[in-house]
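Residue strings, one per chain:
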Amino acid sequence: MMGRDDHQTSGNNSSSLPQTPKNLKIPPGKVDEEFSRELNEWDDAKAEREQKNQAR
């Protein structure tokens, strides 16, 4: 049991999540384009790794 001296408070925003700044948000119409771009980058990186492994 805690007495008055042991009272611990948390910040006002402890239960809220941080918000994304407006300049970093992707417009709804561009989400598919951004997603496909990231998938292409991932595929390219995977192909590079496979080429390096085959060259050994």
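The structure presented is a predicted model; accordingly, all values stated were derived computationally and were not measured.

1. Here we look at a negative patch on the surface
On the surface, a cluster of negative charge is contributed by Glu38, Glu41, Asp43, Asp44 and Glu48. Tracing the backbone shows Asp44 in helix H1 (residues 31–55).

2. Details of the pattern of salt bridges
Once their charged atoms are close, side chains differing in charge can pair, the charge on each being opposite to the other. In the structure shown here, the tally under the stated rule is two salt bridges. For Glu33, the salt bridge is made with Arg37, and the minimal N-O distance between the two is 2.9 Å. With Glu33 and Arg37 both in helix H1 and four residues apart, this pair spans about one turn of that helix. One connected set of salt bridges, linked through shared partners, spans Glu33, Glu34 and Arg37.

The rules behind each value
- Residues numbered from 1 in each chain as written.
- Predicted model: local features only at pLDDT ≥ 70, side-chain atom pairs only at ≥ 80, totals over all residues.
- Heavy atoms only, no water.
- Patch = residues over 30% accessible without salt bridge, like charges linked within 9 Å, V, L, I, M, F, W, Y side chains within 5 Å.
- Areas by Shrake-Rupley, 256 points an atom, 1.4 Å probe, with all protein chains shown as cover.
- Salt bridge = Lys/Arg side-chain N within 4 Å of Asp/Glu carboxyl O.
- Lys, Arg positive; Asp, Glu negative; His and termini not counted.
- Charge placed at Lys NZ, Arg CZ, Asp CG, Glu CD.
- Helix = DSSP H or I, 4+ residues; strand = E, 2+ residues; numbered from the N terminus.

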